[in-house]
There are 2 protein chains.
Amino acid sequence: MRQLFELCGADRDVCYSPFAWRVHLCLLHKGLDFERVPLKFLEKEPLTPANSKTVPVLRDGDTWLKDSFDIALYLDQTYPDNPLFGSDIAIAQARFINGWLDRTVVMGLFPLVTADIAALQDAENGAYYRETREKRLGAPLEEVQARRDDMLPAFQVALAPARLALAHGPYLAGARPGWMDYALFGNFMWARIVSPFELLDTGDALYAWRERMLDLFGGVGRAAKRGFRHAA
Amino acid sequence: MRQLFELCGADRDVCYSPFAWRVHLCLLHKGLDFERVPLKFLEKEPLTPANSKTVPVLRDGDTWLKDSFDIALYLDQTYPDNPLFGSDIAIAQARFINGWLDRTVVMGLFPLVTADIAALQDAENGAYYRETREKRLGAPLEEVQARRDDMLPAFQVALAPARLALAHGPYLAGARPGWMDYALFGNFMWARIVSPFELLDTGDALYAWRERMLDLFGGVGRAAKRGFRHAA
């Protein structure tokens, strides 16, 4: 039995965690079947076998794993066909890229959609989200998000290294998508599902790349249920 | 005949180009002999067989190459033992990392040592350097560099993804140094040779890594002639 524990809003079909999306797509990349288990913020008990308080958690038979990067490493080691990394140097480089993603993309995106995420929650989970995130941001979610038009250019500029990689192939990992594609794209899935806010200009090489990523695996990203319409 | 064209100050033993250092170390990594050809800024004629106006240029027999990244790719393809990248995914990821290095490390370091670089030049090359760089910076070199104590913390923070990679091995590329190590370290060689300004705190994981890098290949980095004493 293989299960991926993801994060959902009040609607359990709206699964938006960027890190869970990374694993979701890595599993599809490996051609592995799995059951999705959507959890709300406060539903942490099902994650305890992995000794985790946050999604994603992967159960692969009797093996429980946490942390999207460690799960990707496990998948590449356990199911080596169609590599996500494929070499020790690529894994080491990916640790660097993972750090860049956390600091630049996840932290850059979060203020742009933070109030939209609150709008997807039920009362109890919404209160938890608001309290913890407003403490982190030092301001009301709506006040931060209201500045997103001003914050967007800096976010777009920070993505420059990814554009450079795309000058040499359709995917960040080259001719075929790899971990790096799923890792960056997971963040765009996060934004896509929680918010109508558009992050990329149509002329941006990353826009065309995102379209390609949305089409992968029968268009699973494109078909994923978006939550913001319910919040409108 | 194998020749590496580097960039030197008025003293031809003071070779400080960060990109030339990347190639220099990649050649040593491959165990390849080569002759160093130091050039001043305005000595561009020897670079024309590679159709380049900037160092590094590598001559490998009848093959002339420019651009440190393309040269590293060539070396890994032509001399596959002891890989710098070793896989297509690692190459694609490295293009991203190269973009990050250009924007974050090269551009972050340049203002911190820009007047020190001017002090290494003879009159003619110094005038050329000052004119072109002050145009780029929009201010006198000394005025920019005078703020380096204030700029240093942001530079150190921007290196955070590299620290994360070092949590898992002695080198950025893992158990052994790879392209990524030489690419980042080339920038530290640049700063080391042109300036007494210290970029890293002794407790920083990158400080210990830089020490390891200085010790590689018989301590070639540590032994390289520094120019700033002549400028003092």
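Scroll up a little and you will see the structure.
Residues numbered from 1 in each chain as written. Chains lettered and ligands numbered in written order. Predicted model: local features only at pLDDT ≥ 70, side-chain atom pairs only at ≥ 80, totals over all residues. Heavy atoms only, no water.

(A) A look at the pattern of salt bridges. In the structure shown here, the tally under the stated rule is 26 salt bridges over all chains. A salt bridge links lysine 225 of chain A to aspartate 11 of chain A, with the shortest nitrogen-to-oxygen separation between them at 2.7 Å. You can see lysine 225 of chain A sitting in the loop between helix H9 (205-223) and helix H10 (228-231) and its partner aspartate 11 of chain A sitting in the loop between strand E1 (2-7) and helix H1 (18-29), a full 214 residues away along the chain. Given the relative accessible area of 35%, lysine 225 of chain A is considered partly exposed. Between lysine 40 of chain B and aspartate 122 of chain B there is a salt bridge, and its shortest N-O distance comes to 3.1 Å. Highlighted residues: lysine 40 of chain B in the loop between strand E2 (35-39) and strand E3 (57-60) and aspartate 122 of chain B in the loop between helix H3 (88-118) and helix H4 (123-137), separated in sequence by 82 residues. Judged by its relative accessible area of 15%, lysine 40 of chain B falls in the buried class. Overall, the relative accessible area of 24% leaves aspartate 122 of chain B in the partly exposed class. Within this structure, Arg130, Glu134 and Glu142 of chain A form a network of salt bridges that share partners. (Salt bridge = Lys/Arg side-chain N within 4 Å of Asp/Glu carboxyl O. Helix = DSSP H or I, 4+ residues; strand = E, 2+ residues; numbered from the N terminus. Buried < 20%, exposed > 50% of the residue type's maximum accessible area, 1.4 Å probe, protein only.)

(B) Broad picture of the nonpolar core. Judged by nonpolar contacts, the single largest core of 155 residues is most densely connected at Trp179 of chain A together with Trp179 of chain B. Two domains each put at least three residues into this core: domain 1 (2-78) and domain 2 (88-231) of chain A. Leave out the neighbours within four places in its chain, and tryptophan 179 of chain A touches Cys26, Phe69, Ala72, Leu84, Phe85, Ala94, Ile97, Asn98 and Leu101 of chain A together with Gln93 of chain B. (Core = buried A, V, L, I, M, F, W, Y, C linked by side-chain atoms within 4.5 Å. Domains from an automatic or database assignment. Contact = heavy atoms within 4.5 Å.)

(C) Region of interest: the interface of chain B and chain A. At the interface, 27 residues of chain B touch 27 residues of chain A. Of the roughly 2300 Å² buried at the junction of chain B and chain A (both faces included), carbon and sulfur atoms supply 71%. It is Ile89, Gln93 and Phe96 of chain B that lose the most area in chain B upon contact with chain A, and together they represent 30% of the buried surface on that side. Across the contact surface, chain B and chain A share zero salt bridges. Our enumeration of links across chain B and chain A arrives at three residue pairs in polar contact (both at pLDDT 80 or more). (Buried area = accessible area lost by both parts, 1.4 Å probe. Polar contact = N/O pair within 3.5 Å; in protein donor to acceptor, adjacent residues only side chain to side chain.)

(D) Seen up close, the relation of the copies chain B and chain A. Of the transformation superimposing chain B on chain A, the axial component is 0.0 Å and the angular component is 180°, with the fit at an RMSD of 0.0 Å. Between the two chains, the operation in question is that of a two-fold axis. Distance from the rotation axis, computed per C-alpha, reaches its smallest value in chain B at alanine 90 of chain B: 2.2 Å. Of the residues that chain B buries at the interface, 100% are likewise interface residues in chain A, meaning the two copies contact each other through the same surface. (Least-squares fit on C-alpha atoms with pLDDT ≥ 70 in both.)

(E) Local environment of helix H3 (residues 88-118) of chain A. Taking 1.5 Å per residue as the helical rise, H3 of chain A with its 31 residues ought to reach 45 Å, whereas the 40 Å between its terminal C-alpha atoms falls clearly short. Bending of H3 of chain A peaks at approximately 55° at the position of leucine 112 of chain A. (Expected span 1.5 Å × (residues − 1). Bend = angle between axes of the 7 residues up to and from the residue.)

(F) How the structure looks around the side chain of serine 87 of chain B. Assignment of secondary structure puts serine 87 of chain B in the loop between helix H2 (68-78) and H3. Not counting residues up to four positions away in its chain, the partners in contact with serine 87 of chain B are Phe85, Ser87 and Ala90 of chain A.

(G) Expanded view of the sheet that holds strand E1 (residues 2-7) of chain B. All names here are of chain B. Strand order across the open sheet formed by four strands is E2-E1-E3-E4, with mixed pairing between neighbours. Strands at the two margins of the open sheet, each flanked by one partner only, are E2 and strand E4 (63-66). Each neighbouring strand pair of the sheet contributes to a mean axis angle of 20°, computed without reference to strand direction. In this sheet, E4 lies alongside E3 in antiparallel orientation, the contact comprising four bridges. Residue pairing across strands places valine 57 opposite lysine 66, the latter belonging to E4. Running at roughly 150° to E1, helix H1 (residues 18-29) makes contact with E1, E2 and E3 of the sheet. Contacting E3 and E4, H2 runs over the sheet at an angle of about 135° to E4. (Pairing = 2+ DSSP bridges. Axes fitted to C-alpha atoms, helices over the stretch in contact; angles between N-to-C directions.)

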